[in-house]
Each structure stands twice: as C-alpha cells, then as structure tokens.
Amino acid sequence: MHAAVSLLTAATVLTGCSSTVADVKITMATGSPGGVYYSLGNGLADIWSGRLGIVKPQVVATAGSKDNITRLINDQAQVGFSQADALEGVPGSEKLRALARMHDDYLQVIVRADVPVTKLRDLSGKRVSIGGKESGVEIIASALLKSAGVTPEAVNLNLDDSAQAMREGRLDAFFWSGGLPTKTITDLTKGLGVRMLDLSDVLSTFRKEKPVYGSATLPASTYNLQSGPVGPVITLVVRNFLLVNEKMPDDVAEALVRQLFEGQPELVKAHSAARTIEQRSAIETSPVPLHNGAMRYYREHKV
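Okay, so let's go over this structure. Because the structure is a prediction, the values reported are computed rather than measured.

1. A few points about the pattern of salt bridges
Any two side chains of opposite charge can pair if their charged atoms end up close together.
Moving on, step 1. Using the criterion set out here, one finds 16 salt bridges in the structure.
Moving on, step 2. In this structure, arginine 51 and glutamate 266 form a salt bridge, with 2.8 Å as the shortest nitrogen-oxygen distance. With arginine 51 in helix H2 (residues 36-52) and glutamate 266 in helix H9 (residues 264-270), the pair connects residues that are 215 residues apart, well separated along the chain.
Moving on, step 3. The class of arginine 51 is partly exposed, set by a relative accessible area of 37%.
Moving on, step 4. Overall, the relative accessible area of 35% leaves glutamate 266 in the partly exposed class.
Moving on, step 5. With a closest N to O distance of 3.9 Å, aspartate 187 and lysine 190 form a salt bridge.

Shown next, in the form of structure tokens:
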C-alpha cells in the first residue's frame, strides 16, 4: 500500500502544471541489479537528489527496456532507460519523450569455455538464455537468432540468473546487451572459463534487415577471460535513451538534463559507461522526440 501511495504521489507531482522542481518525486525504471542501467540509475538518483535538493529518486530493478516503457506509459515510473529497438510498435509509446541519448549497449554472447561453440550457428540445440521477458536483450537475441536460422533450447532468464545458471552448469550460453564492462559478467569470468562469440559472419545480413543496430569492436581487454578469443570481438551495438512521459513539466525535464551533464564526473564513478555520454550526440534520439524541457537545455548550450 505504501509503495502504491508513493507512486501515485510521484505521478501527481509530475503531472501538475504548478509543480516546481523542488517538489518532484521520481520513480526510475532501470533493469537487472547487475546491469549498467541499474548502476547509472543509482548514480543519477544521487546526483539529482544532491544537486536539486529533491527527495532521492526510487530506483527500481526491472526486466529491462520493454518493462520500463510500459511503466512509463502507465505512470508507474517517471524516468526510465530503454534501448532504441524496444520502442518499435509499442502502443502508447507516442506518449514518451527523451531526455538524452545515453551510452551504447554492446551485444555480448557468453559461452562456457568447455562447450564446443565458436560461432552463432553452433548454438542450435544448446541451452541458451535469451534474456528476461520484456527485456531489450530478448528483443535483440530473438531477432538475431531468427535471422541466422539458429534454434537453441531457449529460456528467459535475467542477467544475474543467467550467470548463476552458467556457474551451475544449467546453461551453455547466454545473451546480454549492456554497457562495458558489465559487473555481473566481470564477476562471472573470475570463477569460470568463458568465451565471447564473434558475430561478424552474421552481421551484414542482420543489419540490412534491422538498420536500427550498428556494429562495433568489443576489445579483448574488456573482461579478463580465462579462455576464448585472443583478439577483439565484432558485435552489435544499439543506442540507449533516457526517457520520460510527455506530461513531465518542462522545468523538471530541463533540470534533470542539466544535472545529468553537470554531474557527469559523479556519474562516471557509478559506471564508466557514462564517459561516452556527450551533449552533441545526446540529441540523437530518433524515433523518440526530445522533451521540450530537454530541448531548451540543448539550445541554451548551442548543441
């Protein structure tokens, strides 16, 4: 009951035209506790409460992008993270606005070192987690496997459960889409031999089908793998957005964006992925329009 009252209060404050920044109460939808969204969410909560003098935002662990979008649309959260691809065809997503493009997510396909898998096609018949239901991981993993004609024994587990299942020998591989490095994967590599799959053999066809995705090199030094590729891994990347509902007052949105950038050195301490957030690229949020308050900030800074 207390949580429901808190959410109702937050929604009331943020939809009232007379509200001021100091009155704001925010619930922030993030992702798995072991993922980058959750780390950045906690970092932003500290920055916004410390610099704006507001009640510290409630940081909620969620299933990921699609779950976050639903919460924003239904006023169960006022701020949330999402991959760009998760917004496609979601009813009600026209209500959403972007505060900023954040870091890019890298698709990471983690395989036990003792399993004979070196290419995506080798996952057919293997026990593979494609991410939690309603997550951005599930979206990208399902699309890529379908494009490549690969049919594993797929299950839906979040990042932390995937890592634990891998340790216990219940999984051969799992998909993860997140910033670099992801703490849960770093921890996993300390006690288990794993490798990462290079996806260069399937990317050309897939990116023609899904141009929302880019490609990039994941450096071999990202994780201290006990075994696996000596060189870098070619994989998919997808943009991340920081989203709000269109009903957020302009002064609130502007204040949140301003402190995102003025507090960026503090945010980097929460997660190194924050180093890649830049004002010039932050406005690249298509297909989601920038919130008017965010646009006001960027215009002031002549971005």
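From this point, the discussion proceeds with the structure in view.
2. Looking at the pairing of strand E3 (residues 79-83)
Moving on, step 1. Where burial is concerned, most of E3 is hidden: five out of the five residues are buried.
Moving on, step 2. Neither face of E3 is exposed, since Val79, Phe81 and Gln83 on one face and Gly80 and Ser82 on the opposite face are all buried.
Moving on, step 3. Summarising the sheet, strand E1 (residues 27-29) and E3 pair through two bridges and their orientation is parallel. Of the residues in E3, the one forming a bridge with alanine 29 is glycine 80.
Moving on, step 4. For E3 and strand E10 (residues 233-245), the ladder comprises five bridges, and the chain directions are antiparallel. Residue pairing in the sheet places phenylalanine 81 in a bridge with leucine 242 of E10.

3. A look at unusual backbone geometry
Moving on, step 1. For the peptide bond that leads from leucine 180 to proline 181, omega is -15°, which places it in the cis range.
Moving on, step 2. In this fold, proline 181 is placed in the loop between strand E7 (173-178) and helix H6 (183-191).
Moving on, step 3. Even without glycine at this site, aspartate 75 takes up a positive phi of about 60°.
Moving on, step 4. Structurally, the position occupied by aspartate 75 is in the loop between helix H3 (65-73) and E3.

4. Some remarks on H6
Moving on, step 1. For H6, the full list of buried residues reads Thr184, Ile185, Leu188 and Thr189. Seen end-on, H6 carries its buried residues on one side only, within an arc spanning 135°. Every exposed residue of H6 that faces more than 90 degrees away from the buried side is listed here: Lys183, Lys190 and Gly191.
Moving on, step 2. On its buried side, H6 packs onto strand E4 (96-112), helix H5 (159-167), E7 and strand E8 (194-196).

5. Let's talk about the nonpolar core
Moving on, step 1. Judged by nonpolar contacts, the single largest core of 98 residues is most densely connected at Trp48, Leu123 and Phe175.
Moving on, step 2. By residue number, the principal contributor to this core is E4, which donates 10 residues.
Moving on, step 3. In this view, leucine 123 contacts Val109, Val117, Val128, Val150, Pro152, Ala173, Phe175 and Leu197; residues no more than four positions away in its chain are not counted.

6. Focus: the layout of surface pockets
Using a probe with the size of a water molecule, rolled over the atoms, empty space left in the structure can be pinpointed.
Moving on, step 1. If you add up the space inside the largest pocket, you get close to 260 Å³.
Moving on, step 2. Lining the largest pocket are 29 residues; nearest its centre among them are Ser32, Ala63, Gly64, Val137 and Trp176.
Moving on, step 3. Listed by contribution, the elements that provide at least two residues to the lining of the largest pocket are H2, E4, helix H4 (136-148), H5 and E7.
Moving on, step 4. It is E7 that contributes the most residues to the lining of the largest pocket, four residues altogether.
Moving on, step 5. Grouping the constituent residues of the lining of the largest pocket by class yields 11 nonpolar, 17 polar and one charged.
Moving on, step 6. In this structure, the second largest pocket encloses a volume near 200 Å³.
Moving on, step 7. Looking at the second largest pocket, it is lined by 13 residues, and the ones nearest its centre are His103, Asp104, Tyr106, Ala273 and Thr276.
Moving on, step 8. Of the residues assigned to the lining of the second largest pocket, the class counts are five nonpolar, six polar and two charged.

Cut-offs used in this document
- Residues numbered from 1 in each chain as written.
- Predicted model: local features only at pLDDT ≥ 70, side-chain atom pairs only at ≥ 80, totals over all residues.
- Heavy atoms only, no water.
- Salt bridge = Lys/Arg side-chain N within 4 Å of Asp/Glu carboxyl O.
- Helix = DSSP H or I, 4+ residues; strand = E, 2+ residues; numbered from the N terminus.
- Buried < 20%, exposed > 50% of the residue type's maximum accessible area, 1.4 Å probe, protein only.
- Pairing = 2+ DSSP bridges.
- Arc of directions from axis to C-beta.
- Contact = heavy atoms within 4.5 Å.
- Core = buried A, V, L, I, M, F, W, Y, C linked by side-chain atoms within 4.5 Å.
- 1 Å grid on protein atoms, 1.4 Å probe; cavity = no way out; pocket = protein on both sides within 12 Å on 5 of 7 lines; lining within 4 Å.
- Points joined across faces, edges and corners; volume = space filled by probe spheres on them.
- Nonpolar A, V, L, I, M, F, W, Y, C, P; charged D, E, K, R; others polar.

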